[in-house]
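Analysis of the macromolecular model
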Amino acid sequence: QVQLVESGGGLVQPGGSLRLSCALSGSLFSRYAMGWYRQAPGKQRELVAGITNAGIANYADSVKGRFTISRDNAKNTVYLQMNSLKPEDTAVYYCNGRGILTGREYWGQGTQVTVSS
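Below is a short write-up of the structure. Note that the coordinates shown come from a computational prediction; the quantities given were computed from them, not determined experimentally. (Residues numbered from 1 in each chain as written. Predicted model: local features only at pLDDT ≥ 70, side-chain atom pairs only at ≥ 80, totals over all residues. Heavy atoms only, no water.)

1. Looking at the pattern of salt bridges
Taken as a whole and judged by the stated rule, the model has four salt bridges. Two residues, R38 and E46, come together in a salt bridge whose shortest N-O distance is 2.7 Å. Residue classification places R38 among the buried positions, given a relative accessible area of 7%. D89 is the salt-bridge partner of R38, the closest N and O atoms lying 3.0 Å from each other. On the criterion of sequence distance, the pair formed by R38 in strand β4 (residues 32–39) and D89 in the loop between β8 (77–82) and β9 (91–99) is long-range, its members being 51 residues apart. A cluster of three or more residues bridged by salt bridges with shared partners is formed by R38, E46, R66 and D89. (Salt bridge = Lys/Arg side-chain N within 4 Å of Asp/Glu carboxyl O. Buried < 20%, exposed > 50% of the residue type's maximum accessible area, 1.4 Å probe, protein only. Helix = DSSP H or I, 4+ residues; strand = E, 2+ residues; numbered from the N terminus.)

As structure tokens, then:
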């Protein structure tokens, strides 16, 4: 059973930083493309950043230059480093894993990020 467990959310002031982590268990991490999505109240879930199993990253325009996605295959973990946070970054952030062979997707439970003074 594949499970994704996120950590690292919280309350931060505008301009601050947070790092989210997501650990995958129950399968071989290197066979998954990973991503971070977010959903703000009243809005649809959107892709924030993704990283292929080969380490190629892509970002939403709204976070380019501020957020960095990375992965550590030895630790079965994907990270999202968020710098220069803005109030509009406030949302529940979800980790997503997609099997590169199966296409199956898995989601974490979500972690709240609140940017406010």
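2. Some details on the sheet that holds β8
Taken in spatial order, the four strands of this open sheet run β1-β3-β8-β7, and their pairing is antiparallel. The open sheet has two edge strands with one neighbour each: β1 (3–7) and β7 (67–72). Direction aside, neighbouring strands of the sheet carry axes that sit 15° apart on average. Here β1 runs beside strand β3 (residues 18–25); their pairing, made up of five bridges, is antiparallel. Counterpart to L4 in the pairing with β3 is L24. (Pairing = 2+ DSSP bridges. Axes fitted to C-alpha atoms, helices over the stretch in contact; angles between N-to-C directions.)

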